[in-house]
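Listed below are the residues making up each chain.
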Amino acid sequence: YQRRVRGAAPEEFIHIYVNQPDWLTKFLESIVLRERESNGKETASPLIYKTLLELYLRDDQNPSTRQARLDKAYKLLEENKEKFAGKEDFSHALMLCKMHDFRKGSLFLCREQKLYHQILDYHMESNDYVNVIKTCDEFGIVSPNLWVLALSYFSKKKEDVSSYIIEILKKIEENKILAPIMVLQILSSNEKMTLSIVKDFILKKLVKEDELIQTDQKQIRKLEDEIGKMRSEIEDLKTSAKIFQQTKCSGCPSALDLPTVHFLCNHSYHLTCLSENERECPKCAPSDKKILDMKKNMDLSATQHKNFIEKLNVADDGFTFVAEYFGRGIFD
């Protein structure tokens, strides 16, 4: 019988080096290196990495070696992302970076955790205008609200930041992030803001709105013409005899001969081309069923007032949403 002895965990030796940070650093670096060289066979706990990060960031060491230690700290974060991925491990690492003003490390951690708003806040706090715009450019597709925050930030500046505001307005317009009235409301907080800054933005919006109006009006006229034709056809069906002049069967390529079945949709069939109980035009039945189902759903929606209110509350444009319901005839 051979008794297996459990090896001591590396973190159990940390207390031995409490007053010897240099030796503790070397010890922990050797543990990290050993884990890397073992190709996953040996695993050190996140405590090892957090302690090593703290040692790299300590301010009570030789100032001349600070940059080298910061480089090591960043490399530690970059090469061991999974060790700082846990919620507590990430929070601890971010706290250390903030305490020791290690901005590069803080930004790296926020990027890994997709905390884009915090990245933007970092650049805003340091008044780094260029990186504020870069952050919005990089992450604005994922988080469009970054552009709104940037606009609000620049609108409160007393110095001339018109070039940055114009760039932000272009992005807001391209991605349809904010309504013009909201843009004006944000910029109005600065008394020194001139109309020239937003003039191009407002004009482009007005031109686009006018184009949309013209398109909608064309569509309205087209639909009105179609409705007029439909009403005329309905009136003709009610008051006039329908003349069927088809010469070929709509179900097969043969010429029509008796007995024949004619439908008001202008399709005609041999009686033998229809099933025994078929009372609808086979070609038009699918589209007719689709329309009837839509009408049924609209009638059902008319009674679901709670559902309508819930959708209205989360709609981007309440007016458009209500107009759509009117168009469906739900309020009839």
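Preceding block: the structure.
In this text, all values refer to a predicted model and were calculated from it rather than measured experimentally.

A.B. asks: How should I be thinking about helix α6 (residues 116-125) in this particular structure?
C.D. replies: An α-helical turn contains 3.6 residues, so any two residues separated by three or four positions project in the same direction. Those residues of α6 that sit buried are Y116, I119, L120, Y122, H123 and M124. In this structure, the buried side of α6 is in contact with α4 (87-99), α5 (103-112), α7 (129-139) and α8 (145-155). Backbone geometry just downstream of α6 places N127 in the positive-phi region, at approximately 55°.

A.B. asks: Is there a simple way to explain the packing of aromatic side chains in this structure?
C.D. replies: The description of an aromatic ring pair rests on the distance of the ring centres and on the angle between the ring planes. Tallying each qualifying case throughout the model produces eight aromatic pairs. Centroid distance Y74 to F108: 5.4 Å. Interplanar angle 70°. Geometry classified as edge-to-face. Note that Y74 is positioned in helix α3 (residues 66-79) and F108 in helix α5, a separation of 34 residues in sequence. Each member of the pair, Y74 as well as F108, is classed as buried.

A.B. asks: Whenever I open this one, the side chain of H100 confuses me. Can you help?
C.D. replies: Tracing the backbone through its elements, the reader meets H100 in the loop between α4 and α5. A polar side-chain atom of H100 sits 3.0 Å from the main-chain carbonyl oxygen of L57. Beyond its immediate sequence surroundings of up to four residues, H100 is in contact with L57, R58, D59 and R66.

A.B. asks: Would you take a moment to explain the environment of G105 for this structure?
C.D. replies: In this fold, G105 is placed in helix α5. A sequence separation of 34 residues divides G105 from D71, and the C-alpha atoms of the two residues are 9.6 Å apart. In this structure G105 touches Y74, L77 and C97, once residues within four positions along its chain are discounted.

Conventions used here
- Residues numbered from 1 in each chain as written.
- Predicted model: local features only at pLDDT ≥ 70, side-chain atom pairs only at ≥ 80, totals over all residues.
- Heavy atoms only, no water.
- Buried < 20%, exposed > 50% of the residue type's maximum accessible area, 1.4 Å probe, protein only.
- Helix = DSSP H or I, 4+ residues; strand = E, 2+ residues; numbered from the N terminus.
- Contact = heavy atoms within 4.5 Å.
- Phe/Tyr/Trp six-rings, centres within 6.5 Å; stacked < 30°, edge-to-face > 60°.
- Polar contact = N/O pair within 3.5 Å; in protein donor to acceptor, adjacent residues only side chain to side chain.

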